[in-house]
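Structural features, examined
What follows is each chain in one-letter form.
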Amino acid sequence: MAASAGAASRGLAKRLFRPPAGAWPAACQALARNFHFTVYGKKNASAKVSDSISTQYPVVDHEFDAVVVGAGGAGLRAAFGLSEAGFNTACVTKLFPTRSHTVAAQGGINAALGNMEEDNWRWHFYDTVKGSDWLGDQDAIHYMTEEAPAAVVELENYGMPFSRTEEGKIYQRAFGGQSLQFGKGGQAHRCCCVADRTGHSLLHTLYGRSLRYDTSYFVEYFALDLLMENGECRGVIALCIEDGSIHRLRAKNTVIATGGYGRTFFSCTSAHTSTGDGTAMVTRAGLPCQDLEFVQFHPTGSPRGVKMIKWVLLSLGEEKTRRDSLTRTVGHLVTPCLQGVGIFLVLLGVSSLTPPDFQQLKHSSLGCASPVFSLQIIWSGCFRNGCFYIEGILQRPVFQPATHVSFYIRGCGPEKDHVYLQLHHLPPQQLAMRLPGISETAMIFAGVDVTKEPIPVLPTVHYNMGGIPTNYKGQVITHVNGKDQVVPGLYACGEAASASVHGANRLGANSLLDLVVFGRACALSIAESCKPGEPVPSIKPNAGEESVANLDKLRFANGNIRTSELRLNMQKTMQSHAAVFRTGSVLQEGCEKLSHIYRDLDDLKTFDRGIVWNTDLVETLELQNLMLCAMQTIYGAEARKESRGAHAREDYKVRVDEYDFSKPIQGQQKRPFEEHWRKHTLSFVDVKTGKVTLRYRPVIDKTLNEEDCATVPPAIRSY
Amino acid sequence: MVFCLLQTTAGVGPLHREVGPCFAVVALPDDLSGSSRYTMARHSKLQKQVLSLYRQFLRAGKEKPGFLPRIQAEFRKNASIPRMDVMHIEYLIRRGQRQLEQLRDVNTKQMGTFVKTKPEER
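Residues numbered from 1 in each chain as written. Chains lettered and ligands numbered in written order. Predicted model: local features only at pLDDT ≥ 70, side-chain atom pairs only at ≥ 80, totals over all residues. Heavy atoms only, no water.

Some thoughts on the pattern of salt bridges
Inspection of the entire model under this criterion finds 37 salt bridges over all chains. Across the salt bridge formed by Glu63 of chain A and Arg250 of chain A, the nearest N and O atoms sit 3.1 Å from each other. Residue Glu63 of chain A is found in strand 2 (residues 56–69), and its partner Arg250 of chain A is found in strand 10 (residues 246–256); the two are separated by 187 residues along the sequence. The same class applies to Glu63 of chain A and to Arg250 of chain A, which are both buried. Ionic pairing is found between Lys77 of chain B and Glu74 of chain B, a salt bridge with its closest N-O pair at 3.8 Å. Taken together, the residues span about one helical turn, with Lys77 of chain B and Glu74 of chain B both in helix 5 (residues 67–78) at a distance of 3 residues. Salt bridges linked by common partners bring Asp133, Glu293, Arg640, Glu642, Arg644, Arg655 and Asp657 of chain A together as one network. (Salt bridge = Lys/Arg side-chain N within 4 Å of Asp/Glu carboxyl O. Helix = DSSP H or I, 4+ residues; strand = E, 2+ residues; numbered from the N terminus. Buried < 20%, exposed > 50% of the residue type's maximum accessible area, 1.4 Å probe, protein only.)

Some words on helix 15 (residues 615–639) of chain A
Residues and elements named next belong to chain A. For helix 15, which comprises 25 residues, the first-to-last C-alpha distance of 36 Å matches the rise-based estimate of 36 Å (1.5 Å per residue) to within 8%. Counting buried residues in helix 15 gives 22 out of 25 residues, a clear majority hidden from the surface. Two or three places before Asp616, at the start of helix 15, stands the capping residue Asn614, its side-chain oxygen 3.3 Å from that residue's backbone nitrogen. (Expected span 1.5 Å × (residues − 1). Polar contact = N/O pair within 3.5 Å; in protein donor to acceptor, adjacent residues only side chain to side chain.)

Comments concerning the side chain of Asp119 of chain A
Position of Asp119 of chain A among the secondary structure elements: in the loop between strand 4 (109–110) and helix 3 (121–131). Setting aside residues no more than four positions away along its own chain, Asp119 of chain A makes contact with Ala111, Ala112, Gly114, Leu180, His189 and Arg190 of chain A. (Contact = heavy atoms within 4.5 Å.)

Remarks on the environment of Ile170 of chain A
Residue placement: Ile170 of chain A occurs in the loop between helix 4 (138–158) and strand 5 (172–179). In this structure, Ile170 of chain A is in contact with Leu113, Asn115, Val152, Glu156, Phe162, Ser163, Arg164, Thr165 and Cys192 of chain A, ignoring residues within four places of it in sequence.

Focus on the packing of aromatic side chains
All names here are of chain A. Scanning the entire structure with this criterion turns up 13 aromatic pairs over all chains. Ring plane angle 0° and centroid distance 5.5 Å describe the contact between Phe80 and Tyr213, whose orientation is recorded as stacked. Placement of Phe80 in helix 2 (residues 73–84) and of Tyr213 in the loop between helix 5 (198–210) and strand 7 (216–219) is noted, with a sequence separation of 133 residues between them. On the basis of relative accessibility, which here comes to 0%, the residue Phe80 falls in the buried class. A residue is classified by how much of its surface remains accessible, and Tyr213, at 17% relative accessible area, is buried. Pairing Tyr659 with Phe661 gives two aromatic rings, centres 6.2 Å apart and planes at 80°, and the pair type is edge-to-face. The exposure class of Phe661 is buried, given its relative accessible area of 14%. Among the aromatic residues, ring-to-ring pairing joins Phe64, Phe218 and Tyr221 into one connected group. Over the ring of Phe673 we find Lys679; its NZ or CZ atom is 4.9 Å from the centre of that ring. Across from the ring centre of Tyr696, 4.6 Å away, lies the NZ or CZ of Lys679, which sits over that ring. (Phe/Tyr/Trp six-rings, centres within 6.5 Å; stacked < 30°, edge-to-face > 60°. Lys NZ or Arg CZ within 6 Å of the ring centre and 35° of its normal.)

Regarding the UniProt feature "domain: Complex 1 LYR protein" (unreviewed entry) in chain B
Taking the numbering used here, the UniProt-annotated feature "domain: Complex 1 LYR protein" (unreviewed entry) corresponds to residues 48–102 of chain B. The span residues 48–102 of chain B is 80% helix and 0% strand, and its two end C-alpha atoms sit 22 Å from each other. (UniProt positions renumbered as here; feature names shortened; annotations may be inferred.)

With respect to the packing of helix 2 of chain A against helix 11 (residues 510–529) of chain A
Residue and element names in this part refer to chain A. Orientation of helix 2 relative to helix 11, taken along the N-to-C sense of each, is 30°, at an axis distance of 8 Å. Between helix 2 and helix 11, the angle is such that the two are roughly parallel. Of the two possible hands of crossing, helix 2 and helix 11 adopt the one that is right-handed. Taking contact as the criterion, the partners of Gly73, Ala74, Arg77, Ala78, Gly81 and Leu82 in helix 2 are, on helix 11, Leu515, Val516, Gly519, Arg520, Ala523 and Ile526. Partitioning the contact of helix 2 with helix 11 into residue classes produces 7 nonpolar, 3 polar and 2 charged. (Axes fitted to C-alpha atoms, helices over the stretch in contact; angles between N-to-C directions. Parallel < 35°, antiparallel > 145°, perpendicular 65-115°, else oblique. Left-handed = near helix turned anticlockwise from the far one by under 90°. Nonpolar A, V, L, I, M, F, W, Y, C, P; charged D, E, K, R; others polar.)

Right under this line is the structure:
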């Protein structure tokens with residue numbers, strides 16, 4: 001099939017490579033952006049390239065059946081899914097595929113395989129809908145959870161080295177938020193993992209598999225913009241970082257899988273390359289982005305900086321000697337990602353505890369072998385005054401019902417902004433077997449030997465639930481006249497997309513599942529709607545001119561503010577104004593500050609004027625992308641006057657739905673669409689002025705097959 | 001590299017031919033005395049590599065519009081690199097090979113340029 005596709009495209013190439021005489025004007029009219037596009041045809045082969053090389057940008061045109069932007073988990077899956085279906089595919093990525101941020105995922109993949117106990121994907125569906133705080137589109141969640149077992153088996157067939165049980169089946173462990181029997185049957189063991197390096201092995205497996213297919217990889221090409229014409233997406237324009245040439249890849253189908261934008265915040269678990277390039281490209285194309293205000297903060301991430309670590313060790317020493325004289329009790333906690341192994345979070349300085357059980361707990365020596373009970377952290381946040389708030393589920397092993405608890409603790413360190421995660425009470429062999437990745441990460445990033453000392457942790461940005469709005473097939477949609485309308489030729493999957501399976505809060509281990517399921521879904525829907533070898537739609541001869549003008553402007557930028565300074569300002573603003581706990585006045589102040597910072601983008605100064613490996617230029621382009629995402633996040637957060645999932649407002653603590661679900665629905669008046677908040681935010685940005693426009697779109701409640709899997713009606717979310 | 005070679009023999013201007021500059025080396029003007037053919041050093045392996053790359057580029061770029069002037073310009077620009085700067089030359093050869101692969105790829109169609117028409121007011 002691949003051979004015939006190759007022959008078909010070669011035939012196509014023969015028809016297209018020699019343009020009919022007169023089709024190409026020798027030079028286009030000079031346009032408003034001061035660039036004009038020329039092609040040197042065979043006739044004027046002796047035309048010399050002019051001397052002023054610095055103001056000329058060579059552009060290479062390519063034609064493919066499909067282009068995938070991004071080569072992480074979702075991008076690779078989409079790329080080789082398309083190649084498998086016979087499409088001539090290109091994969092444009094600014095990083096080498098195995099360096100994408102998917103490699104850092106630790107948790108696992110949820111799938112109702114039923115290896116540890118009896119399981120049903122409908123229970124997984126229920127858990128995901130509930131976890132998303134009823135903001136997830138139930139048709140997409142139905143699709144994902146039904147496809148999950150098949151997806152995991154497919155990965156296993158590709159050679160992914162899952163952890164195994166004694167019988168040789170895939171080992172599934174417990175993970176936060178997963179239950180049996182629609183929430184009534186206790187903890188479900190549904191998370192298939194590869195020790196604690198699931199993302200790493202997933203990405204390497206997918207990369208290895210993708211080499212079997214003839215996808216053309218454009219590695220270290222930075223995608224600048226989409227080529228849109230008449231509301232259709234016709235390809236991508238990218239900058240080759242290695243030699244500075246511009247490439248326009250025309251294709252009938254474009255898939256965006258560029259990942260999230262964690263780097264808008266000061267402390268985040270994302271790589272330096274998570275800069276929301278895809279979401280920004282879509283915004284610049286005039287299309288909306290969905291639910292960007294929902295940013296998930298992981299309760300236990302590492303703080304930055306080595307200097308702080310030294311301080312931390314000293315103050316631990318102080319606290320240690322005072323520990324015996326502490327009159328307050330110290331509890332033992334278990335974090336969600338390490339649950340089931342017996343990990344403790346050491347609290348130094350507990351100020352108030354809600355459940356009476358805690359009073360009975362005495363902190364004996366740090367070397368206790370088994371947990372007295374476990375607390376599964378589902379929420380954690382740190383206030384400005386150095387106080388930590390932790391919410392979790394207290395669970396004693398076997399036969400006891402889980403209790404929901406919440407308490408405040410004082411942070412440690414000079415800025416009181418972190419707490420400690422203790423692992424050294426566990427036998428070293430168990431640590432090495434079950435948690436090798438975390439041991440290594442703690443050593444490299446925090447300088448801490450986990451077999452001896454606790455690790456400093458604080459809530460950090462971890463995942464972006466929002467992104468490019470798509471339907472369950474992966475097609476990008478806009479909302480026109482009250483209805484969803486598909487944008488032809490554009491697809492999105494992975495963290496960059498919002499399908500929306502995660503809604504207001506993502507359950508752990510669902511994001512890796514989201515990558516593979518929707519990566520494959522994009523490939524399948526493209527295969528359904530087009531055939532390989534179909535003629536590629538044409539573009540204007542000077543398509544992509546604005547992107548090149550922007551590139552040129554940034555390359556010769558000579559203002560006053562460095563890129564790194566502006567980026568730091570933006571990150572600090574976002575961290576202090578749009579963090580875990582949000583308040584109206586603080587958010588409004590943040591919106592003002594960020595708008596001001598956005599205007600400062602015109603005053604940038606770059607230092608490298610070359611075009612070959614110009615990382616200053618690439619970082620500035622990334623800053624532009626981050627800024628667009630940050631604006632939409634904070635304006636969306638300011639406008640949403642309720643608390644739902646990851647968006648927690650101190651001044652509006654309740655969830656505002658169409659009915660008040662804490663009371664029976666009968667007799668209640670349904671609130672009109674404008675007055676409740678169970679809807680998706682669609683944000684548009686006017687790139688020149690930085691003005692954010694917000695519109696709303698209803699949540700899809702109907703599943704794909706009501707008889708097979710009934711809609712879960714909204715209810716109050718409590719665990 | 002042929003341009004570099006020609007520069008070392010003073011008085012011989014670069015020969016402008018579109019195809020196969022290596023031929024320019026062989027077709028030296030005959031009015032030079034016979035011994036001068038032997039005073040000219042042979043191409044080093046690296047120079048041969050560059051020449052072969054140039055030849056391959058020209059052949060591959062013939063079919064697709066817009067590549068030839070660009071190829072020529074790039075090679076001429078880099079011709080002034082000193083012979084001893086092997087690291088740089090090898091890097092450019094490797095880069096050129098990757099670009100050649102891309103040029104040969106059936107999906108690459110044409111090359112154009114965005115040219116700035118008037119300077120921006122700063």
